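The lines below spell out each chain.
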Amino acid sequence: MFFSVPKTGTTALEAAAMPYASAAILDPPGIKHVSVSRYQAQLAPFFEARGKQPHKIMAIMREPIDWLGSWYRYRRRDQIKGKPNSTADVSFAEFVEAWLLDTPPRLTNQRDRPQR
C-alpha cells in the first residue's frame, strides 16, 4: 500500500505505478489521503480479505519546513484570497505559529494536516 501524502509529489508516482496497481483510491481527498490508523481500521480488512495476506505500507515524507512552506505558498493564490484558509494576509512565521497551536485556525486547513 502506497500512501499519498499531500504536497509530496505522490501524484506523479501514482501515475507511474497505475498500470501495475490492482486497485487505487484516487478520490475523494479524504480517502486518498487516509491516515495509517484509519487505513488499518477501515480499509485494510477489505484489501487483505481479497489478497489473503497483510500488505506492506509505505509513504513519502517531505522535510517539514519545506512542506509547510509549500502549503503556505499554495494558500496564497488569488483563487482563495479572502477565504478562511487563505494565507495572503499572514507571514510564513504567523502561519507556522498558527499550525503549531493545539486548536489552530482554519488557515492551517486541518483536513490536510498529518497527525503530529
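This text goes with the structure placed above it.
Residues numbered from 1 in each chain as written. Predicted model: local features only at pLDDT ≥ 70, side-chain atom pairs only at ≥ 80, totals over all residues. Heavy atoms only, no water.

(A) Examining the packing of helix H4 (residues 64–74) against helix H5 (residues 92–100) more closely. Contact geometry of H4 with H5 gives a least axis separation of 10 Å together with a crossing angle of 110°. The angle between H4 and H5 falls in the class roughly perpendicular. Mapping the contact onto sequence places Ile65, Trp67, Leu68, Gly69, Trp71 and Tyr72 in H4 and Phe92, Phe95, Val96 and Trp99 in H5. (Axes fitted to C-alpha atoms, helices over the stretch in contact; angles between N-to-C directions. Helix = DSSP H or I, 4+ residues; strand = E, 2+ residues; numbered from the N terminus. Parallel < 35°, antiparallel > 145°, perpendicular 65-115°, else oblique. Contact = heavy atoms within 4.5 Å.)

(B) How the structure looks around the nonpolar core. By size, the foremost hydrophobic cluster in this structure holds eight residues: Trp67, Leu68, Trp71, Tyr72, Phe95, Ala98, Trp99 and Leu107. Listing elements by their share of this core, those giving two or more residues are H4 and H5. A total of four residues in this core trace back to one element, the largest contributor, which is H4. Counting residues in each nonpolar core, the second largest holds six residues, with Phe3, Val34, Ala44 and Phe47 among its members. (Core = buried A, V, L, I, M, F, W, Y, C linked by side-chain atoms within 4.5 Å. Buried < 20%, exposed > 50% of the residue type's maximum accessible area, 1.4 Å probe, protein only.)

(C) Representation of the packing of aromatic side chains within the structure. Under the counting rule described, the total for this entry stands at seven aromatic pairs. Ring plane angle 70° and centroid distance 5.4 Å describe the contact between Tyr72 and Phe92, whose orientation is recorded as edge-to-face. Of this pair, Tyr72 sits in helix H4 while Phe92 sits in helix H5, placing them 20 residues apart in sequence. Classification of Tyr72 as buried rests on a relative accessible area of 10%. (Phe/Tyr/Trp six-rings, centres within 6.5 Å; stacked < 30°, edge-to-face > 60°.)

Keep in mind these values describe shape, not function.
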